[in-house]
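# Geometric and topological summary
Here are the chains, one letter per residue:
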Amino acid sequence: MNANLRRFAFSIPWNLALLTVGSFFFALGIKSLAVPHGVLTGGVSGIALLIFYFTKTLTPGVWLLILNIPIAVLGWIMVSRRFVLYTAYGMLAITAWMELITFTLPVHDRLLAVIAAGILAGTGVGISLRSFGSSGGLDIIGIILHQRFGFRIGQISFLFNAALFTASFALMDPDLVLYSLILVFVTGQVTDYVLSMFNQRKLVFIVSEHARSIADAIMKEAQRGVTLLEGRGGYTGLPKQVVMTVVNNVQQKKLEELIFTLDPDAFVIFENTFNVIGKGFSRRKVY
């Protein structure tokens, strides 16, 4: 990615575009599939749906906005103004899309509907989280507790949803609650997939008698940086150099050819990694 594209990827228009598109997919999954089948999502949107189902007043989008307002104020105080401003836009966009979407997707089987809703909602959350904001709700609470007390965001989400669905068993048909759990599971899996889809890299360790030549070739031909680690053979006790580098999936095959052309006896380890921060890869996201 050249410098101009990199700057654009962190610009205000790009972040607003991500939040707009992400909010649409999230709202589409909820309004056109989850609500018609009477199931819940996780997080604050799940509480909004639960209130809507029992009060039949206002709309799910309006309830979600009402619940998000005090959370946004807390985020303004405890996270950062930029993050909350972007997130406020995301919250408003979700409410707007949920008001505009008045149709129901023609999926009649409830299991298929919750799977489809989870795919759409997870796609939306994943796209939104690639910006400097989020879709609001539990994301803000998670970041606050993570920064202040070191809780993992996944732990917070699990505990919150565990409490929500435990209460739901007392208020709703158990079958609907179980369908809702499937929706939440699919949403989480798809969110993780979307977040890692464009970030997946290969962490490579190369043990070779020709480490210096391989390192030079990687820097020159593959245009990748390398680090030479000092190691020692476990059996021989002799010192060895280990080449460490990171490449994307497209470069993996080229790297293999380069390594084994120089040393057919090289020992190479490829590891998947999903978050590489630094020059030539992702920039650190500061909220």
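Summarised in this report is the structure supplied together with it.

What counts and what doesn't
- Residues numbered from 1 in each chain as written.
- Predicted model: local features only at pLDDT ≥ 70, side-chain atom pairs only at ≥ 80, totals over all residues.
- Heavy atoms only, no water.
- Salt bridge = Lys/Arg side-chain N within 4 Å of Asp/Glu carboxyl O.
- Helix = DSSP H or I, 4+ residues; strand = E, 2+ residues; numbered from the N terminus.
- Pairing = 2+ DSSP bridges.
- Expected span 1.5 Å × (residues − 1).
- Buried < 20%, exposed > 50% of the residue type's maximum accessible area, 1.4 Å probe, protein only.
- Polar contact = N/O pair within 3.5 Å; in protein donor to acceptor, adjacent residues only side chain to side chain.
- Axes fitted to C-alpha atoms, helices over the stretch in contact; angles between N-to-C directions.
- Core = buried A, V, L, I, M, F, W, Y, C linked by side-chain atoms within 4.5 Å.
- Contact = heavy atoms within 4.5 Å.
- Parallel < 35°, antiparallel > 145°, perpendicular 65-115°, else oblique.
- Left-handed = near helix turned anticlockwise from the far one by under 90°.
- Nonpolar A, V, L, I, M, F, W, Y, C, P; charged D, E, K, R; others polar.
- Arc of directions from axis to C-beta.
- Patch = residues over 30% accessible without salt bridge, like charges linked within 9 Å, V, L, I, M, F, W, Y side chains within 5 Å.
- Areas by Shrake-Rupley, 256 points an atom, 1.4 Å probe, with all protein chains shown as cover.
- Phe/Tyr/Trp six-rings, centres within 6.5 Å; stacked < 30°, edge-to-face > 60°.

### So, the pattern of salt bridges
Applying the stated criterion across every chain, the model contains 2 salt bridges. Note that lysine 240 and glutamate 209 form a salt bridge whose closest N and O atoms lie 2.8 Å from each other. Highlighted residues: lysine 240 in strand E3 (residues 239–247) and glutamate 209 in the loop between strand E1 (201–207) and helix H10 (211–221), separated in sequence by 31 residues. With a closest N to O distance of 3.0 Å, arginine 212 and aspartate 216 form a salt bridge. Taken together, the residues arginine 212 and aspartate 216, both in helix H10 and 4 residues apart, mark about one turn of the helix.

### A word on the pairing of E3
In terms of strand pairing, E1 meets E3 through 6 bridges, oriented antiparallel. Bridging from a neighbouring strand, valine 207 pairs with valine 242 of E3. Joining the antiparallel neighbours strand E2 (residues 226–232) and E3 is a turn of 6 residues, in which glycine 237 adopts a positive phi near 75°.

### Some words on helix H6 (residues 110–129)
Residues separated by three or four positions in an α-helix point in the same direction, a consequence of the helix having 3.6 residues per turn. Its 20 residues give H6 an end-to-end C-alpha distance of 28 Å, which sits within 8% of 28 Å, the value for a rise of 1.5 Å per residue. Among the 20 residues of H6, 14 are classified as buried, and the element is accordingly described as predominantly covered. Near the N-terminus of H6, the side chain that reaches the backbone nitrogen of leucine 111, with its oxygen 3.0 Å away, is that of aspartate 109.

### Brief notes about the sheet that holds E2
Across the sheet, 4 strands lie side by side as E2-E3-E1-E4; this open sheet has antiparallel pairing. Where the open sheet ends on each side, the last strands, each with one partner, are E2 and strand E4 (267–273). On average, each strand axis in the sheet is tilted by 25° relative to the strand beside it, whichever way the strands run.

### Things to note about the nonpolar core
If you look at the biggest cluster of nonpolar residues, it comprises 42 residues, and the most contacted ones within it are Ile30 and Leu40. Looking at this core, the elements that each hand over two or more residues are helix H2 (12–34), helix H3 (43–55), helix H4 (60–78), helix H5 (81–100), H6, helix H7 (138–149), helix H8 (153–171) and helix H9 (174–197). The contacts of leucine 40, once residues within four sequence positions are left out, are Gly46, Leu49, Leu50, Tyr53, Phe165, Ser168, Met172, Ser180 and Leu183. Membership of the second largest hydrophobic core comes to 15 residues, among which are Ala211, Ala222, Leu255 and Val268.

### So, the packing of H2 against H5
The N-to-C vectors of H2 and H5 enclose an angle of 40°; their axes lie 8 Å apart at closest approach. One finds that H2 runs oblique with respect to H5. Judged by the twist between their axes, the crossing of H2 over H5 is right-handed. In contact with Ile12, Asn15, Leu16, Leu19, Thr20, Ser23, Phe24, Phe26, Ala27, Ile30 and Lys31 of H2, H5 contributes Tyr86, Tyr89, Gly90, Ala93, Ile94, Trp97 and Met98. Across the contact of H2 with H5, the residue classes tally to 13 nonpolar, 4 polar and 1 charged.

### Things to note about H10
Taken as a whole, H10 has its buried residues at Ala211, Ile214, Ala215, Ala217 and Ile218. Angular distribution of buried residues about the axis of H10 spans 165°; they occupy a single face of the element.

### What to know about a nonpolar patch on the surface
A grouping of Ile69, Val73, Trp76, Ile77 and Leu85 is seen on the molecular surface, where their side chains present a nonpolar patch of about 510 Å² in accessible area. Looking at the nonpolar patch, the element that brings in the most residues is H4, giving 4 residues. Assignment of secondary structure puts leucine 85 in helix H5.

### Quick look at the packing of aromatic side chains
Overall, the coordinates contain 3 aromatic pairs when judged by the stated rule. Consider the rings of phenylalanine 24 and phenylalanine 25, whose centres lie 5.7 Å apart with planes at 65°: the pair is edge-to-face. Ring centres of phenylalanine 52 and tyrosine 53 lie 6.0 Å apart, and the angle between their planes is 55°; this geometry places the pair in the tilted category. The burial state of phenylalanine 52 is the same as that of tyrosine 53; both residues are buried.

### Let's talk about the side chain of histidine 37
As for its placement among the helices and strands, histidine 37 is situated in the loop between H2 and H3. Taking relative accessible area as the criterion, histidine 37 reaches 12% and is therefore assigned buried.

### Focus: the packing of H2 against H6
Remark: H2 packs on H6, axes separated minimally by 7 Å, with the N-to-C direction vectors making an angle of 165°. With respect to each other, H2 and H6 are oriented roughly antiparallel. Handedness of the H2/H6 crossing: left-handed. Of the residues in H6, those in contact with Leu18, Leu19, Val21, Gly22, Ser23, Phe25, Phe26, Leu28, Gly29, Ile30, Leu33 and Ala34 of H2 are Ala113, Ala116, Ala117, Leu120, Ala121, Thr123, Gly124, Val125, Ile127 and Ser128. Taken together, the residues of the contact of H2 with H6 break down into 16 nonpolar, 6 polar and no charged.

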